[in-house]
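# Residue-level structure breakdown
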Amino acid sequence: MSYKITIFTFLFFFAIFNFSAQEKVNIDDVESRYVYLLKYQIDSLDKSSSNEEYFILERGKEKSQFMGVTSYNRDSLAGGANRFAFGLDPKSLPKTNFTFRVIKNFEKNNISYYDYIIKDNFIYEEKPDFNWKITDETKEIGNLKCQAALVTYAGRDYKAWFTNEIPVSDGPYKFYGLPGLIVEIEDSKKQYTFELVSYKTFSEKPKMWISRKRVKGKTVKKSEFYKAFKNFHENFVSEITKGGFSFDSGTERQIKDRIKKKNNPIELAP
């Protein structure tokens with residue numbers, strides 16, 4: 001049986017593919033939490049295609065976890081939580097372009113990356129070689145004294161500002177390894193900028209968790225994940241229609257136009 005859907009109906013179904021009940025797996029205790037704002041450019045050819053999204057960095061004794069606030073809230077609901085992070089109304093959850101989890105294991109000095117493509121969950125591990133070059137340049141960001149460091153990663157050159165006043169060797173996304181928390185980091189084209197907006201420590205430590213559904217995802221090499229993601233991106237409509245959906249010509253055109261403009265991932269050379 002085939003179901004013809006509009007773009008609005010499609011986006012609804014697509015959003016709930018991974019929204020079934022999910023059991024939580026505790027992986028550490030949260031000692032501190034940092035909220036970052038990401039400003040990013042969706043279309044590499046259109047500077048006006050800017051967007052913003054908030055992320056959380058949870059830091060524990062042995063691990064840290066980085067994820068989008070919207071994605072975190074959706075997993076919270078799927079996990080049976082009674083309330084959402086930061087008191088968000090479930091009916092007002094915004095859309096998100098980032099559904100990943102980045103978990104850093106400091107004992108093993110590696111990163112586990114969790115994400116899904118449609119309804120299939122994937123995991124890959126990575127040990128990025130962040131060859132930081134700390135400079136003498138300093139400035140104040142808010143009330144924090146910061147120092148600049150440079151690094152190249154996944155096809156982009158970045159300038160980071162870290163602070164010794166928060167002696168946590170961590171930061172947004174996969175970045176870590178500096179002698180203090182990364183307060184701000186931006187690529188040289190100014191297409192991706194993470195800015196710290198708030199932070200707090202906990203006396204009563206909440207649990208750091210991830211859904212069991214993500215943990216049970218298929219473990220692949222990083223190159224295999226990005227190959228699958230690229231294939232899905234380039235053959236989006238045909239992949240969706242395999243599940244029994246069909247589109248009218250107008251909806252198909254809108255979907256393809258949207259995908260064509262989402263051509264500026266954070267990792268240009270994964």
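Quick caveat, the model's predicted, so the values are computed rather than measured.

Attention shifts here to the overall build of the protein chain. Helix and strand content of the protein chain: six helices and 16 strands. By sequence separation, contacts in the protein chain at least 24 residues apart represent 62% of the contacts at least 6 residues apart. For the protein chain, the accessible area works out to roughly 14,700 Å², and carbon and sulfur atoms hold 50% of it.

This paragraph deals with the sheet that holds strand β7 (residues 110-117). Across the sheet, which stays open at both edges, the 12 strands sit in the order β9-β10-β11-β12-β13-β3-β4-β5-β6-β7-β8-β15 with mixed pairing between neighbours. Only two strands of the sheet have a single partner each, and these edge strands are β9 (133-141) and β15 (218-219). Taken together, the three bridges between strand β12 (residues 181-187) and strand β13 (residues 192-201) define a ladder with antiparallel strand orientation. Along β13, the bridge assignment pairs Ile185 with Phe194. Helix α4 (residues 222-234) rests against β7, β8 (120-126) and β10 (144-153) of the sheet, and its axis sits at about 25° to β7.

Right, let's get into unusual backbone geometry. Although it is not a glycine, Asn109 sits at a positive phi angle of roughly 55°. By the secondary structure assignment, Asn109 is in the loop between β6 (101-105) and β7. Residues other than glycine seldom take positive phi values, yet Lys190 does so here, at roughly 60°. Inspection of the secondary structure puts Lys190 in the loop between β12 and β13. Residue classification places Lys190 among the exposed positions, given a relative accessible area of 59%.

Here the focus is the pattern of salt bridges. Scanning all chains against the criterion turns up 13 salt bridges. Here Glu58 ties to Arg33 by a salt bridge, and the two come within 2.9 Å at their closest N and O atoms. Of the two residues, Glu58 sits in strand β4 (residues 50-59) while Arg33 sits in strand β3 (residues 32-41), which places them 25 residues apart along the sequence. Arg33 shares its class with Glu58; the two are buried. For the salt bridge of Glu195 with Lys39, the shortest nitrogen-to-oxygen distance reads 3.7 Å. In this pair, Glu195 is assigned in strand β13 and Lys39 in strand β3, connecting sequence segments 156 residues apart. Looking at Glu195, the relative accessible area reads 23%, which means it is partly exposed.

With that settled, the discussion passes to helix α6 (residues 249-261). Its 13 residues place the ends of α6 19 Å apart at the C-alpha level, agreeing with the 18 Å of an ideal helix rising 1.5 Å per residue. Residues Gly250, Thr251, Ile255 and Ile259 constitute the buried set of α6. Down the axis of α6, the buried set is contained in an arc of 165°. They therefore lie on one face. Pointing more than 90 degrees away from the buried face of α6 are the exposed residues Ser249, Arg253, Lys260 and Lys261.

Counting residues in each nonpolar core, the largest one holds 53 residues, and the members touching the most others are Phe66, Trp132, Tyr173, Phe175 and Phe194. Discounting residues that sit within four places of it in the chain, Phe194 has contacts with Tyr36, Leu37, Leu38, Phe55, Phe66, Pro172, Tyr173, Val183, Glu184, Ile185 and Ile266. Within the second largest apolar cluster, nine residues are counted, among which are Val25, Phe202, Met208 and Ile210.

Glancing now at the side chain of Thr163. Mapped onto the elements, Thr163 comes out in strand β11 (residues 156-163). By relative accessible area, which is 0% here, Thr163 ends up buried. Within the structure, Thr163 has its side chain in polar contact with the backbone oxygen of Lys145 (distance 2.9 Å). Side-chain polar atoms of Thr163 contact the backbone nitrogen of Glu165, separated by 3.0 Å. Non-local contacts of Thr163, meaning those with residues more than four positions away in its chain, are made with Leu144, Lys145, Cys146, Pro179, Gly180, Leu181 and Val183.

Rules used throughout
Residues numbered from 1 in each chain as written. Predicted model: local features only at pLDDT ≥ 70, side-chain atom pairs only at ≥ 80, totals over all residues. Heavy atoms only, no water. Helix = DSSP H or I, 4+ residues; strand = E, 2+ residues; numbered from the N terminus. Contact = heavy atoms within 4.5 Å. Areas by Shrake-Rupley, 256 points an atom, 1.4 Å probe, with all protein chains shown as cover. Pairing = 2+ DSSP bridges. Axes fitted to C-alpha atoms, helices over the stretch in contact; angles between N-to-C directions. Buried < 20%, exposed > 50% of the residue type's maximum accessible area, 1.4 Å probe, protein only. Salt bridge = Lys/Arg side-chain N within 4 Å of Asp/Glu carboxyl O. Expected span 1.5 Å × (residues − 1). Arc of directions from axis to C-beta. Core = buried A, V, L, I, M, F, W, Y, C linked by side-chain atoms within 4.5 Å. Polar contact = N/O pair within 3.5 Å; in protein donor to acceptor, adjacent residues only side chain to side chain.

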